[in-house]
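# Secondary and tertiary structure notes
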Amino acid sequence: QVQLVESGGGLVQPGGSLRLSCTASGSIYRDYTMGWYRQAPGKQRELVAVITSGGRSNYADSVKGRFTISRDNGKNTVYLQMNSLIPEDTAVYYCSARRELAAGTYGMNYWGRGILVTVSS
């Protein structure tokens, strides 16, 4: 029901910045929590940041103060602004979407294909 397409990844030097974008299509639902996850080689996929349909956001401790998640509901797009990048941020980043249901419950997760971010000198 939801298709997610990420863009904006690439190679950046330590201390640099990137902005990831994720555009959703194909959904008939309005209220989705969206987020970004990442997975480095040999590591588990981990939560980076999430944002609710109402604009409330949460971040992993490792990115607080450096990353900012935002959304433009008119464009069906969620962004991840990444500043002060460090080599440990190198990973495949995945966009996610989850429908907000009644009584604080959620539907299934939808995932983008992932986009590579490499932070290296």
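Quick note: structure is the one above.
As a starting point, this report considers the structure included with it. (Residues numbered from 1 in each chain as written. Predicted model: local features only at pLDDT ≥ 70, side-chain atom pairs only at ≥ 80, totals over all residues. Heavy atoms only, no water.)

## Considering the pairing of strand β4 (residues 32-39)
A large share of β4 lies buried, amounting to seven of its eight residues. Where β4 meets strand β9 (residues 91-100), eight bridges bridge the pair, whose relative direction is antiparallel. Bridge pairing in β9 links Tyr 32 to Arg 99. Pairing analysis gives five bridges linking β4 to strand β5 (residues 46-51), with the strands arranged antiparallel. Bridge assignment links Gly 35 to a residue of β5, and that residue is Val 50. (Buried < 20%, exposed > 50% of the residue type's maximum accessible area, 1.4 Å probe, protein only. Helix = DSSP H or I, 4+ residues; strand = E, 2+ residues; numbered from the N terminus. Pairing = 2+ DSSP bridges.)

## Brief notes about the packing of aromatic side chains
For the structure shown, the criterion picks out one aromatic pair. Summarising the aromatic geometry, the rings of Tyr 37 and Trp 111 are spaced 5.0 Å apart at their centres and angled 70 degrees between planes, so their arrangement reads as edge-to-face. In this pair, Tyr 37 sits in strand β4 while Trp 111 sits in strand β10 (residues 106-111), placing the two residues 74 residues apart along the sequence. When the ring centre of Tyr 94 is taken as origin, the NZ or CZ atom of Arg 45, which lies over that ring, is 3.8 Å away. The ring of Trp 111 carries the charged tip of Arg 45 above its face, separated from the ring centre by 4.7 Å. (Phe/Tyr/Trp six-rings, centres within 6.5 Å; stacked < 30°, edge-to-face > 60°. Lys NZ or Arg CZ within 6 Å of the ring centre and 35° of its normal.)

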